[in-house]
Amino acid sequence: LVCKDQDLPDGGTKLIAHNQGSVCVRRFQGKVYAHADICAHGRGQLSHGDIEDVGICQGGKAGKDGTIRGGKCVKCPRHQAKFGGGLYFNLEDGASYVKNLTPHYTEEYQVDVYETKVENGSVYVNARPVRGSKVSRVSRLTKASLAARALLPCLC
């Protein structure tokens, strides 16, 4: 249990303890997301970053159609200018994106993301990352398997 559903309003953020560092839990446009709190490139604290839909980007993971769409991302507050307008991490899979290519963006970065669920008025986060810096596929968890796994304690 991270918190009660009513305690995480749209645009709200909670930090929870994890054995590999803090996990940021946030609600954006009605959906709950959870990701590592530290930027994969440096030490920026992503819980202090803004969330936006970055749309088409010049650097990052290309989709099946060849376009690079960042989607809903958190912007690293430490890397606001270094990466041609900022370094962004997708809330769904943790992949990095930049709006404009710069000499600094020489590799793609990725932060861990965690499966979330809202049930019976409470917000839960799975203790194991769904996708991380070296993992190449996303495993989809069923409601039953999510309930069976360990959940993270709250720092609320």
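Just so you know, these numbers come straight off a predicted model, no measurement behind them. (Residues numbered from 1 in each chain as written. Predicted model: local features only at pLDDT ≥ 70, side-chain atom pairs only at ≥ 80, totals over all residues. Heavy atoms only, no water.)

Here we look at the sheet that holds strand β9 (residues 96-98)
- The strand order across the open sheet formed by five strands is β5-β7-β8-β9-β6, and the pairing between neighbours is antiparallel. Edge positions in the sheet fall to β5 (51-53) and β6 (59-60), since each of these pairs with one other strand and no more.
- Pairing of β6 with β9 involves two bridges; the strand directions are antiparallel. Along β9, the bridge assignment pairs G59 with V98. (Pairing = 2+ DSSP bridges. Helix = DSSP H or I, 4+ residues; strand = E, 2+ residues; numbered from the N terminus.)

A closer look at the pattern of salt bridges
- Taken as a whole, this structure holds five salt bridges when the rule is applied.
- R27 is the salt-bridge partner of D5, the closest N and O atoms lying 2.3 Å from each other. Here D5 is found in the loop between β1 (3-4) and β2 (13-16), whereas its partner R27 is found in strand β3 (residues 23-28), with 22 residues between them in sequence.
- A relative accessible area of 11% places R27 in the buried class.
- One salt bridge in this structure joins K31 and E92, with 2.9 Å as the shortest N-O distance. Linking K31 in strand β4 (residues 31-36) with E92 in the loop between β8 (88-90) and β9, this pair joins segments that are 61 residues apart in sequence.
- By relative accessible area, K31 is classed as partly exposed at 39%. (Salt bridge = Lys/Arg side-chain N within 4 Å of Asp/Glu carboxyl O. Buried < 20%, exposed > 50% of the residue type's maximum accessible area, 1.4 Å probe, protein only.)

Here we look at the environment of K31
- Measuring from C-alpha to C-alpha, the distance between K31 and K117 comes to 9.5 Å, with 86 residues separating the pair along the chain.
- Not counting residues within four places of it along the chain, the set of residues in contact with K31 comprises R26 and E92. (Contact = heavy atoms within 4.5 Å.)

Regarding the nonpolar core
- Grouped together as the largest cluster of nonpolar side chains are 15 residues, with contacts concentrated most on C39, L46, F83, L87, F89, Y105 and Y109.
- Once residues within four sequence positions are removed from consideration, F83 is found in contact with H41, V98, N100, T102, H104, Y105 and Y109.
- Counting residues in each nonpolar core, the second largest holds eleven residues, with C3, L8, I16 and V25 among its members. (Core = buried A, V, L, I, M, F, W, Y, C linked by side-chain atoms within 4.5 Å.)

With respect to the pairing of β2
- As judged from the four bridges shared by β2 and β3, these two strands associate in the antiparallel manner. Looking at the pairing, K14 lines up with V25 of β3.
- In textbook terms, the turn of a hairpin is the stretch between consecutive antiparallel strands, and for β2 and β3 this stretch comprises six residues, one of which, G21, has a positive phi near 120°.

A word on the packing of aromatic side chains
- On inspection of all chains with the given rule, the structure shows one aromatic pair.
- Centroid distance Y105 to Y109: 6.3 Å. Interplanar angle 65°. Geometry classified as edge-to-face.
- The exposure class assigned to Y105 is buried, which follows from its relative accessible area of 10%.
- Note that K117 overlies the ring of Y124, its terminal NZ or CZ placed 5.2 Å from the centroid. (Phe/Tyr/Trp six-rings, centres within 6.5 Å; stacked < 30°, edge-to-face > 60°. Lys NZ or Arg CZ within 6 Å of the ring centre and 35° of its normal.)

Section: the confidence of the model for the protein
- Across the protein, the average pLDDT comes to 81, with 83% of residues at or above 70.
- Predicted confidence for residues 132-156 stays below pLDDT 50, and this span has 53 contacts to residues more than four positions away or in other chains. (pLDDT = per-residue confidence, 0-100.)

A look at unusual backbone geometry
- Even without a glycine there, the phi angle at Q29 is positive, about 50°.
- For Q29, the position within the fold is in the loop between β3 and β4.

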